[in-house]
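# Structural overview
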Amino acid sequence: MSKAAKVNDFSQGSVRTAILKMAGPITLAQLVSILYNIVDRMYIGHIRGAGTLALTGLGLCLPVISVVMAFARLGGMGGGSLCAIERGKGELEAAGKIMGTSFTLLMIFAAVLTLAGELFLRPILYAFGASEETIGYAVSYGRIYLAGSVFVLITLGMNSFINAQGFAGVGMMTTLLGAAANIILDPIMIFVFGWGVRGAALATVISQALSAIWVLRFLTGKKAILRLQIRQLGLDMAWMPKILALGFSGFVMAVTNSVVQVACNSVLAAYGGDLYVGVMTVINSIREVATMPVQGISGGAEPVLGFNYGAGKQGRVRRGIAFLSLASVVYSALVWLMIRLIPGALIRVFNSDPALIAAGTPALHLYFAAFFMMALQFAGQSSFVALGKSRQAIFFSIFRKVIIVTPLTLLLPGIGGMGVDGVFWAEAISNVMGGLACFGTMYFTIYRRLDREA
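This text gives an overview of the structure that appears in the document. None of these values were measured; they are calculated from a predicted model.

Cut-offs applied
By convention here, each chain's residues receive numbers from 1 onward along its written sequence. Totals for whole chains, interfaces and linings use every residue, but because this is a predicted model, local features are given only for residues with pLDDT of at least 70 and side-chain atom pairs only at 80 or more, for both listing and counting. The side-chain values count all of the structure's non-hydrogen atoms but skip hydrogen atoms and water molecules. To qualify as a nonpolar core, a set must consist of buried Ala, Val, Leu, Ile, Met, Phe, Trp, Tyr and Cys residues joined through side-chain atoms within 4.5 Å. Only protein chains enter the area calculation, which uses a 1.4 Å probe; residues under 20% of their type maximum are buried, those over 50% are exposed, and those in between are partly exposed. What counts as a helix is a DSSP run of H or I of at least four residues, what counts as a strand is a run of E of at least two, and both are numbered from the N terminus. What makes two residues a contact is simply this: any of their non-hydrogen atoms within 4.5 Å. Polar contacts, as used here, are pairs of N or O atoms within 3.5 Å; protein pairs need one atom able to donate a hydrogen and one able to accept it. Residues neighboring in sequence count only if both atoms are side-chain atoms. Salt-bridge detection follows one rule: a side-chain nitrogen of Lys or Arg within 4 Å of a carboxyl oxygen of Asp or Glu.

Counting 67 residues, the largest nonpolar core has Ile-44, Leu-125, Tyr-141, Met-158 and Leu-219 as its most contacted members. For this core, the elements supplying multiple residues, two or more each, are helix 3 (51–89), helix 4 (92–127), helix 5 (135–147), helix 6 (149–164), helix 7 (168–192), helix 8 (196–219) and helix 9 (240–272). A total of 14 residues in this core trace back to one element, the largest contributor, which is helix 3. In this structure Leu-125 touches Leu-60, Cys-61, Val-64, Ala-130, Ile-135, Ala-138 and Val-139, once residues within four positions along its chain are discounted.

Structure, rendered in structure tokens:
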């Protein structure tokens, strides 16, 4: 066993310490990753004379961005979890084949997404709720972003294999490098060169390209426990179905998130106009930042839980799930309190339009009314993924977004004159129902069973 493999042996020492050691860099990496799009929205929202409409146009592209991230999860998340399990078993050759197959899948997805963007982007954006005032901004951003989707897929998809090998610090640097470049390039391309929305998109693509180069350099270098090699590329038919099955839960979660965004934008455009589409863009931005630490803890727990499950350490898996659940709930409750206390300050980060702030403050309160319950969904979902329970992970990805929140988003605004408030209440109700269902199922089908096995 190499020195790096010994250091990243998650079956030794405190489970909580192992999770936190992984979660810290992953959380920071995800925060930095979010900055790719958040910084775009911050600058675009303050373009003089066009900030609100330009921000709304970018908001219409969020479902498209979610779809790209969905394919990154489909090829990367499932492969990363399987890689961690096989590494726990000591099957390094199998882990290498998984990584090569995932990379090949990601390249195929990139080609399809780029072509689809060139052919169908404009009609798709109109279907998402674009108006004649916002379509130009949306197309300008979306077309450039999709042209660089190959870099997004490499960065997000293959970074899972860096984390699966225990190199959370290297994974953090993947996004830190790109975000730093994006923060520098955004104001130059948007304001100095005067390229506006196009400049924001181009800055994002260049930044993602730098991150992709970093990922590939590490995974093909000597410091990696598992190196990406040419002989491993291709579609291994023994592992590809398993990669897709396990990654499908993350794919569904991202795609259904896109479906919800489309439903929200369409309903808000009908009941409140472009202003409320802009409000939802701001709320989505705040939600991305707010959920990031929970996703970081979950991302740190998954390789630790998967490694110990593969090594037959059921007691350690139980302790890891318990810590993940408690930490997620406590953090989410603190975020809920902050949003109750300073909603206006959070909105002003993205836009200072008095009308948007006035409409956004009550909307923010409603949307995050049961945010702490969403932590239960993250804990349950991550436990299913880490232990290779693909069917359960897929079901609960669909359950909250498709079965609960999307129908409520479409129905509630027309009930009792709720209007736009119905869209924001739909999210709160789905957090309660989805969180309890996912976590409860995980507790009775996995957590208690691990107790008997231990």
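From this point, the discussion proceeds with the structure in view.
The subject of this paragraph is the environment of Thr-409. As for its position among the elements, Thr-409 is in helix 15 (residues 390–411). Judged by relative accessible area, which is 0%, Thr-409 ranks as buried. Separated by 148 residues in sequence, Thr-409 and Gln-261 have C-alpha atoms that sit 9.9 Å apart. Setting aside chain neighbours within four positions, we find Thr-409 in contact with Ala-263, Cys-264, Val-267, Val-423 and Ala-426. A distance of 2.7 Å separates the side chain of Thr-409 from the backbone oxygen of Val-405, its partner in a polar contact.

What follows concerns the pattern of salt bridges. Overall, the coordinates contain 3 salt bridges when judged by the stated rule. Across the pair Glu-93 and Arg-231 runs a salt bridge, and its minimum N-O distance is 3.3 Å. Of this pair, Glu-93 sits in helix 4 while Arg-231 sits in the loop between helix 8 and helix 9, and the two are 138 residues apart along the sequence. On the basis of relative accessibility, which here comes to 56%, the residue Arg-231 falls in the exposed class. Of the charged contacts in the structure, one is a salt bridge between Arg-400 and Glu-427, with a shortest N-O distance of 3.4 Å. A residue pair is termed long-range when its members are at least 10 positions apart, and Arg-400 in helix 15 and Glu-427 in helix 16 (residues 420–453) qualify at 27 residues. Judged by relative accessible area, Glu-427 falls into the buried class, the value being 3%.

These values are about where atoms sit, not about what they do.
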